[in-house]
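Coordinate analysis (summary)
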Amino acid sequence: MDMSTPVKHSLSLESLPHRQVATVSAIDWTHLSTPEARRLREFGFDEGVGVEVLHRASLGKGPIACRIGRMTVALRRAVAGAILVSPVTQ
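Everything quoted here is computed from the prediction, not taken from an experiment.

1. Details of the pattern of salt bridges
Tallied over the entire structure, the rule returns three salt bridges. One salt bridge connects Glu36 with Arg76, and the closest N-O pair in it is separated by 2.4 Å. You can see Glu36 sitting in helix α1 (residues 34-43) and its partner Arg76 sitting in the loop between β5 (71-75) and α2 (77-81), a full 40 residues away along the chain. Residue Glu36 is classed as buried on the basis of its relative accessible area, which comes to 19%. Here Arg67 ties to Glu52 by a salt bridge, and the two come within 3.1 Å at their closest N and O atoms. Placement of Arg67 in strand β4 (residues 64-68) and of Glu52 in strand β3 (residues 50-56) is noted, with a sequence separation of 15 residues between them. When salt bridges with common partners are traced through the structure, they connect Arg19, Glu52 and Arg67 into a single cluster.

Written out as structure tokens, the structure is:
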């Protein structure tokens, strides 16, 4: 393995730790309905975009509030699960 190439570890946005900054590495568009996919695109979700989880609803079943750019958006957990992110190390 070439040690000069950083290894990217991807996880779903749903499981990203609270207040951890990450970059969207992929979106599984096939797991989203057409309206959900359109909404994500309108919000600017795409590969390379920075994202951060701000809040999770209590009891683990509700939406996840996340920051993308200067916007705060609420995503259903199923939608957040279709978004793969790579945490940004500082």
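There is more to say after this.
2. As for the pairing of β5
Looking at chain direction, β4 and β5 are connected through five bridges and run antiparallel. Counterpart to Arg67 in the pairing with β5 is Thr72. Once β4 ends, the chain turns through two residues before running back antiparallel as β5, passing Gly69 with a positive phi of about 65°.

3. Some points on the nonpolar core
Leu13, Leu40, Phe45, Val51, Leu75, Ile83 and Val85 are the most contacted members of the largest nonpolar core, which totals 21 residues. Counting residues per element, the ones that place at least two in this core are β2 (21-27), α1, β3, β4, β5, α2 and β6 (83-87). Once residues lying within four places of it in the same chain are set aside, the contact partners of Phe45 are Leu13, Val24, Ile27, Trp29, Leu40, Val51, Cys66, Ile68, Val73, Leu75 and Ile83.

4. Topic: the environment of Trp29
Mapped onto the elements of the fold, Trp29 is located in the loop between β2 and α1. Taking C-alpha positions, Trp29 is 9.6 Å from Val79, a pair spaced 50 residues apart along the chain.

5. Quick notes on the packing of aromatic side chains
Inspection of the entire model under this criterion finds zero aromatic pairs. Its guanidinium or amino end placed over the ring of Trp29, Arg41 lies 3.9 Å from that ring's centre, counting from NZ or CZ.

6. Here's the deal with the sheet that holds strand β1 (residues 11-12)
Read from one edge of the open sheet, six strands run β1-β6-β2-β3-β4-β5, paired in antiparallel fashion. Because the sheet does not close on itself, it has two edges, and the strands there are β1 and β5. For β2 and β6, the ladder comprises five bridges, and the chain directions are antiparallel. Considered in β6, the bridge of Ala26 is made with Leu84. Packed onto the sheet, α1 meets β2, β4, β5 and β6 and runs at close to 165° relative to β5.

Definitions and cut-offs
Residues numbered from 1 in each chain as written. Predicted model: local features only at pLDDT ≥ 70, side-chain atom pairs only at ≥ 80, totals over all residues. Heavy atoms only, no water. Salt bridge = Lys/Arg side-chain N within 4 Å of Asp/Glu carboxyl O. Helix = DSSP H or I, 4+ residues; strand = E, 2+ residues; numbered from the N terminus. Buried < 20%, exposed > 50% of the residue type's maximum accessible area, 1.4 Å probe, protein only. Pairing = 2+ DSSP bridges. Core = buried A, V, L, I, M, F, W, Y, C linked by side-chain atoms within 4.5 Å. Contact = heavy atoms within 4.5 Å. Phe/Tyr/Trp six-rings, centres within 6.5 Å; stacked < 30°, edge-to-face > 60°. Lys NZ or Arg CZ within 6 Å of the ring centre and 35° of its normal. Axes fitted to C-alpha atoms, helices over the stretch in contact; angles between N-to-C directions.

So yeah, pure geometry; function would need other evidence.
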